[in-house]
Amino acid sequence: MSSSVPNERVRNIGIIAHIDAGKTTVTERILYYTGITYKIGEVDAGTAVMDWMAQERERGITITAAATTTSWKDYAINIVDTPGHVDFTVEVERSLRVLDGGVVVFDAVAGVQSQSETVWRQADRYHIPRVGFINKMDRVGADFWNAVGMIRERLNARPLPVQIPIGAEDGFEGVIDLVEMTALSFTGDDEVTPQPIPDHLLEEAKKRRDGLLEGIAEVDDQMLISYVEHHEVTVAELKKAIRRATIAGLVNPILCGAALRNKGVPPLLDAVIDYLPSPFEVPAVHGMNPKTGETEAREPSEDEPFSALAFKVVADPYVGRLVYFRVYSGVAKQGQGLYNSTRGQRERLGRILRMHANRREDLDSISAGQIAATVGLKHTFTGDTLCDESKQIVLEAIKFPEPVISVAIEPKTKDDQERMGDCLTRLVEEDPTFKARYDKETGQTIISGMGELHLEIIVDRMMREFNVEAHVGRPEVAYKETIRQANKAEGRFVRQTGGRGQFGVVELEAEPLPPGSGFVFENKLIGGAIPKEYVPAVEQGVREALDTGVLAGYPVIDIKVALVDGSYHPVDSSEMAFKMAGSLGIQECMKKGKPVLLEPIMKVEAATPDEFFGDVLSDISSRRGQVVEVDHRGHLRVITAHIPLAETFGYATVLRSITQGRASYTMEFDHYQEVPASLADQVAGRMQGAVRR
Ligand code: GDP
């Protein structure tokens, strides 16, 4: 495909699904039908084109969010790979930032599962238009209308079936296209020729098409008029109306198929083109002018100043450090100077590469709406903005959650030790939710991430890609602290014995904030109690002290601290003195504020056959788990529960053994919650005994 596809004919999409719903298979088939892959790879056989990392193949999950460009009917489709596992929600979040539309894959038997619910809500937040694909129509228990109902109820969406299946399970043969009113049979080879609708399905098809028109008329005035006045609606008009309503986020066209059996993917590609927006049809992107602090917009046009967001950095074995980015406005040429406005650094755009599933294409330039990768950027990381130095803008950065779990790792030999440093630097660079640090006091390297699986995969990559063998310690929970009561305290740092002294006195107010608020500092000084230039030092002192809480030395979160009063000395005051005063003051506030210990709580969804339900449930309660919901899905019972992370270690093994391997589960970080008092003492005791972190 050449780089000259006009922007109206570009689609930037992501394929989103609950693990196992068939995202990889659908992506694979898309690449096959769009002519890029010549042989259909199967996930089960471990040859899927997008799953290029070894352990992804073994685990059958997709972790990285690389972007692949392909083409369909003169349109360029950029597929940004979204991960299928919720330990990696942040990967989903970052890919959602750069998408214009999504294809959400559902399992026709299971319907809406917990991860699709999570991602759906994230996509709502970013106003991403979506079409739904109900996959696995060939499976025993496949039920199209049940899945549609779940989309309506569980996702609070307005699903709009634009197809209905012909048959189901073994008898799934094809679909009826309700827009064109034709039958598409997938029983033959890849070519699907539209046929007249068989007589016995005609009545149902007409009824469903009326339902489709009604659904559109409810949200689209133009269609409402036609509908009320009984005008004949042309196929073109109907497609336009569905497109308008989808892009406005009012409906979600629903299609179905069985990707594994090569059924239903070409019509899905048509729907991507017909119903999802081009980069020109999405709203302007907003950001801040770093010089004025004002919000500015960049229209998706080549005539605007250049702006782009880096959304993924990977260490590529062939070309080196590869930065994936999406251009929102303007044009940039290879070799051109750019400005990283997030970090205030000049950069030069090296080779611009468009990544296809099995090859790379060099581009001379890249313009608004396009996605590509580049080699040679030195200072640019995930979430950074690249722009024109004379027209600076900082686009909203991607928010990354703090890691909730850590383990100590110890290289086996001296050689391993040497390789490990380099390897960790690269892994940290690729994954903003992964952190690594060296603890000088214990001489250990501590790595932290979003879950047990996340860290297992990292250790696995260390071994495979970097050949580092290491002993891995016991997982440690990232506890936090907060206060429960607002209070006021003084921080006084005064040393005035001979020579130049130290003088800083502050009065601080601290109050608890709702969960997830982090840390907020406010300057509420009236008059000149303390000269303005010392305020940042006070804030700095407070921040540093909050790194180590007073209960067990864990970081303090969800707290607002206000500087309300203080006093200074014309000679003895200094930034250092006020920083110390800030630290002392906040420590006092924490002691007075009823400090509590918080622990990460995971949301676990376990699906088990009926006969093991009782055992799975009692195991959950023995882990201090709280059941949120129990649901029937076919012959399975699905338990959604909140379990403290500290109690989840080894869950996979236990679940397997109590259900003879017949249950499956997913787990993701949900929120922080107070540790029960009895356990809090134990945790604090352990910390006091241990070396200070
Ligand atoms: P992902 O985890 O969402 O990427 O799902 P995969 O594409 O890896 O698919 C999960 C499993 O479902 C694999 O064993 C696939 O072979 C199987 N699968 C995918 N699509 C279909 C389908 O249309 N029908 C059936 N019966 N199985 C499918």
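One structure accompanies this document, and this report is about it. (Residues numbered from 1 in each chain as written. Predicted model: local features only at pLDDT ≥ 70, side-chain atom pairs only at ≥ 80, totals over all residues. Heavy atoms only, no water.)

1. Regarding the site of the ligand
Operational definition: For this purpose, a residue is taken to be near a molecule or strand whenever a single non-hydrogen atom of the residue falls within 4 Å of it. Residue exposure ignores everything except the shown protein chains as possible cover, and the areas themselves are Shrake-Rupley values with a 1.4 Å probe. Strands here are runs of E lasting at least two residues and helices are runs of H or I lasting at least four, both read from the DSSP assignment and numbered beginning at the N terminus. Throughout this entry, Asp, Glu, Lys and Arg are counted as charged residues, while Ala, Val, Leu, Ile, Met, Phe, Trp, Tyr, Cys and Pro are counted as nonpolar. The remaining residues, Gly among them, count as polar.
What surrounds the ligand is a group of 18 residues, the closest being Asp20, Lys23, Thr24, Thr25 and Asp138. For the ligand, the accessible surface in isolation is 580 Å², of which the surrounding protein chains cover 89%. Sorting elements by how many residues they give to the shell around the ligand places helix α1 (residues 23-33) first, with three residues. Looking at the shell around the ligand residue by residue, the classes come out as six nonpolar, five polar and seven charged.

2. Quick look at unusual backbone geometry
Short version of the rule: Burial status follows relative accessibility: with a 1.4 Å probe on protein chains alone, a residue under 20% of its type maximum counts as buried, one over 50% as exposed, and anything between as partly exposed.
Non-glycine residue asparagine 467 carries a positive phi angle of around 60 degrees. Assignment of secondary structure puts asparagine 467 in the loop between α11 (452-466) and β28 (470-472). Given the relative accessible area of 47%, asparagine 467 is considered partly exposed. The phi dihedral of lysine 594 is positive, around 50 degrees, even though this residue is not glycine. Within the secondary structure layout, lysine 594 lies in the loop between α13 (575-592) and β35 (595-609).

3. Structural notes on the nonpolar core
Selection criterion: Put simply, buried Ala, Val, Leu, Ile, Met, Phe, Trp, Tyr and Cys residues joined by side-chain atoms within 4.5 Å make one nonpolar core. Residue contacts are defined here by distance: any two heavy atoms, one from each residue, within 4.5 Å place the two residues in contact.
Core analysis: the largest hydrophobic core is formed by 95 residues, its most contacted members being Val103, Ile134 and Ile242. Looking at this core element by element, the count peaks at seven residues for helix α9 (residues 265-275). With near-sequence residues (within four places) excluded, isoleucine 134 lies in contact with Phe106, Ala108, Phe144, Ala147, Val148, Ile151, Ile254, Leu255, Cys256 and Gly257.

4. Some remarks on the sheet that holds strand β10 (residues 194-195)
Backbone-to-backbone hydrogen bonds pair the strands of a sheet. The strands run either parallel or antiparallel. Note the threshold: A pair of strands is considered paired only if DSSP assigns at least 2 bridges between the two.
Taken in spatial order, the four strands make up an open sheet running β7-β8-β9-β10, and their pairing is antiparallel. Pairing within the sheet leaves two strands with one partner each, and these edge strands are β7 (163-166) and β10. Of the pairings in the sheet, the one linking strand β8 (residues 174-177) to strand β9 (residues 182-185) comprises four bridges and is antiparallel in character. Counted as the bridge partner of isoleucine 176 is alanine 183 from β9.

5. Quick word on the environment of aspartate 460
Within the secondary structure, aspartate 460 is located in helix α11. Taking C-alpha positions, aspartate 460 is 43 Å from glutamine 163, a pair spaced 297 residues apart along the chain.

6. Remarks on the pattern of salt bridges
To keep it simple, the criterion reads: One speaks of a salt bridge when a side-chain nitrogen belonging to Lys or Arg is within 4 Å of a carboxyl oxygen belonging to Asp or Glu.
Enumeration according to the criterion identifies 40 salt bridges in this entry. Note that aspartate 107 and lysine 136 form a salt bridge whose closest N and O atoms lie 3.8 Å from each other. Here lysine 136 lies in the loop between β5 (130-135) and α5 (144-154) and aspartate 107 lies in strand β4 (residues 101-107), a separation of 29 residues in the sequence. With respect to class, aspartate 107 is no different from lysine 136; both count as buried.

7. Some points on the sheet that holds strand β3 (residues 75-81)
Which entries qualify depends on this criterion: For helices, the fitted axis covers only the stretch in contact; all axes are lines through C-alpha atoms, and the angles between them, taken along N-to-C directions, range from 0 to 180 degrees.
With mixed pairing, the seven strands of this open sheet are ordered in space as β2-β3-β1-β4-β5-β11-β6. Either end of the sheet is taken by a strand with one partner, and the two such strands are β2 (67-72) and β6 (159-161). The average angle at which neighbouring strand axes cross in this sheet is 30 degrees, direction not considered. The pairing of strand β1 (residues 10-17) with β3 spans six bridges and is classified as parallel. By the bridge assignment for β3, glycine 14 is matched with valine 80. Against the sheet, α1 contacts β1, β2, β3, β4 and β5, and its axis sits at roughly 150 degrees relative to β1.

8. Focus: the pairing of β2
Counting buried residues in β2 gives five out of six residues, a clear majority hidden from the surface. Pairing of β2 with β3, which is carried by six bridges, proceeds in the antiparallel orientation. Across the sheet, residue threonine 70 finds its bridge partner in β3, namely isoleucine 77. Remark: two residues form the turn of the hairpin made by β2 and β3, two consecutive strands paired antiparallel; lysine 73 in that turn has positive phi of roughly 50 degrees.

9. Points about the side chain of aspartate 220
By the secondary structure assignment, aspartate 220 is in the loop between α6 (199-219) and α7 (221-228). For aspartate 220, a relative accessible area of 7% translates into the label buried.

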